[in-house]
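Take a look at the letters that make up each chain.
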Amino acid sequence: MTTVADLVPFLGGALVAGGVAVAVSRRRELVLRWCVWAAGVPLLTGAFWLGPGGAAAVAALVGVVAVVEFGGLLRLTPVDRAVLAASVVALVLAVWLVPGELPRVAAACALAVVGVPLLAGDAAHGLRRAGAGLLGLVWLGLLAALVPLGATGLALFTAVSVADIVAYAAGPRLGGPRLSPLSPAKRWSGTVAGAAAGLGALAALSAWSLPLVIAVAVGGPLGDLFESMVKRGAGVKDAGRWLAGSGGLLDRIDSLLLALAVLLVLR
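Residues numbered from 1 in each chain as written. Predicted model: local features only at pLDDT ≥ 70, side-chain atom pairs only at ≥ 80, totals over all residues. Heavy atoms only, no water.

**Brief notes about the overall build of the protein**
- Across its full length, the protein carries ten helices and two strands.
- Element order for the protein, N to C, with α for helix and β for strand: α-α-α-α-α-α-α-β-β-α-α-α.
- A compact globule built from 267 residues should have a C-alpha radius of gyration of about 18 Å, and the protein, at 18 Å, falls within 12% of that.
- Each of the 267 residues in the protein was classed as buried or not, and the buried ones make up 48%.
- A sequence separation of at least 24 residues applies to 70% of the contacts in the protein between residues at least 6 apart.
- Charge separation in the protein, taken as the distance between the mean sites of 19 positive and 12 negative side-chain charges, equals 8 Å. (Helix = DSSP H or I, 4+ residues; strand = E, 2+ residues; numbered from the N terminus. Rg over C-alpha atoms; globule rule 2.2 N^0.38 Å. Buried < 20%, exposed > 50% of the residue type's maximum accessible area, 1.4 Å probe, protein only. Contact = heavy atoms within 4.5 Å. Lys, Arg positive; Asp, Glu negative; His and termini not counted. Charge placed at Lys NZ, Arg CZ, Asp CG, Glu CD.)

**Some points on the packing of aromatic side chains**
- Taken as a whole and judged by the stated rule, the model has two aromatic pairs.
- On the basis of an interplanar angle of 70° and a centroid distance of 6.0 Å, the ring pair of F70 and W139 is categorised as edge-to-face. Taken together, the residues span a long stretch of sequence, with F70 in helix α3 (residues 52-73) and W139 in helix α6 (residues 126-140) at a distance of 69 residues.
- W139 gets classed as buried once you look at its relative accessible area, which sits at 2%.
- Between the aromatic rings of W139 and F226, the centroid separation amounts to 5.1 Å while the plane-to-plane angle is 70°, which identifies the pairing as edge-to-face. Of this pair, W139 sits in helix α6 while F226 is found in helix α9 (residues 210-234), placing the two residues 87 residues apart along the sequence.
- Site record: aromatic cluster; members linked through ring pairs are F70, W139 and F226. (Phe/Tyr/Trp six-rings, centres within 6.5 Å; stacked < 30°, edge-to-face > 60°.)

**Focus: helix α8 (residues 188-204)**
- Relative to the 24 Å expected for 17 residues at 1.5 Å per residue, α8 spans 24 Å between its end C-alpha atoms, a close match to the ideal helical length.
- Among the residues making up α8, those that are buried are S189, G190, T191, G194, A195, G198, L199, A201 and L202.
- Those residues of α8 that are buried lie in contact with α7 (151-174), β1 (178-180), β2 (183-187) and α9.
- S206 sits one or two positions beyond α8 and adopts a positive phi of about 55°. (Expected span 1.5 Å × (residues − 1).)

**Some remarks on the packing of α7 against helix α10 (residues 250-266)**
- Here α7 crosses α10 at 130°, and the two axes come no closer than 9 Å. Between α7 and α10, the crossing angle belongs to the class labelled oblique. With respect to the hand of their crossing, α7 and α10 are arranged in right-handed fashion. For the pair α7 and α10, the contacting residues are T152, L156, F157, V160 and D164 in the first and R252, D254, S255, L256, A259, L260 and L263 in the second.
- Per-class residue counts for the contact of α7 with α10 are seven nonpolar, two polar and three charged. (Axes fitted to C-alpha atoms, helices over the stretch in contact; angles between N-to-C directions. Parallel < 35°, antiparallel > 145°, perpendicular 65-115°, else oblique. Left-handed = near helix turned anticlockwise from the far one by under 90°. Nonpolar A, V, L, I, M, F, W, Y, C, P; charged D, E, K, R; others polar.)

**Here we look at the environment of L249**
- Relative to the helices and strands, L249 resides in the loop between α9 and α10.
- Judged by its relative accessible area of 15%, L249 is buried.
- Measuring from C-alpha to C-alpha, the distance between L249 and G219 comes to 18 Å, with 30 residues separating the pair along the chain.

**Considerations on the pattern of salt bridges**
- The full count for this structure, using the stated rule, is seven salt bridges.
- The salt bridge involving E101 is made with R104; its shortest N-O contact spans 2.7 Å.
- The class of E101 is partly exposed, set by a relative accessible area of 35%.
- For R104, a relative accessible area of 62% translates into the label exposed.
- The residue D122 makes a salt bridge to R129 at a minimum N-O spacing of 2.7 Å.
- Residues joined by salt bridges that share partners form a network here, namely D80, D122 and R129. (Salt bridge = Lys/Arg side-chain N within 4 Å of Asp/Glu carboxyl O.)

This is how it looks when you write it as structure tokens:
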């Protein structure tokens, strides 16, 4: 069974190879994305090295930041965001500490999210707030699935990240039909090239399995399109502006979230 320690040499090699590739490309946005990846991968590797507790800590932290960005996209109130963030953290902690109680915790979190606009008596925007809160709970709550995955979760993150970068770089160069009206800049050529690179990363990491292959090749692109749909509905281009070359954190984990959903279904 592949461990986090087994993945470290491959991750280091991938970072070096990626750095050389983006340096040759001389594309500023690719260099910035690589810098974010180079900072994030060691932090994630260290967290997963610590076991489920470390994975839970990073999943909770990422979940809180993602909720802040999501709440901004859908214009949720500060109270809505606070309750949603607490609910996502509760799901992560439940998976780590009391996995048998996860259905009970998930139901309590859903009630809490819906209860905020309900108790506020918000007749004008209550339905929108409740719906957005439940969407955020289901979507961002998928981060809890990272906790028990261990090295598999780290391999999945690496593969979808590689697929994202290659798709972003290859699509404009290869051209061809557009992938979806939800994201007119994306091309089928880039998506296929990205999927091939992601599957190559899985093979290099000795993490090849049918569920992971489908999660990377299908779940990753769908996750990117799903976030594009949310952003288009909100009328914004990026989930945030604080992450160099990447917009916001949601813009970096969108592919991972639906890849996790696909992996959960298939496993």
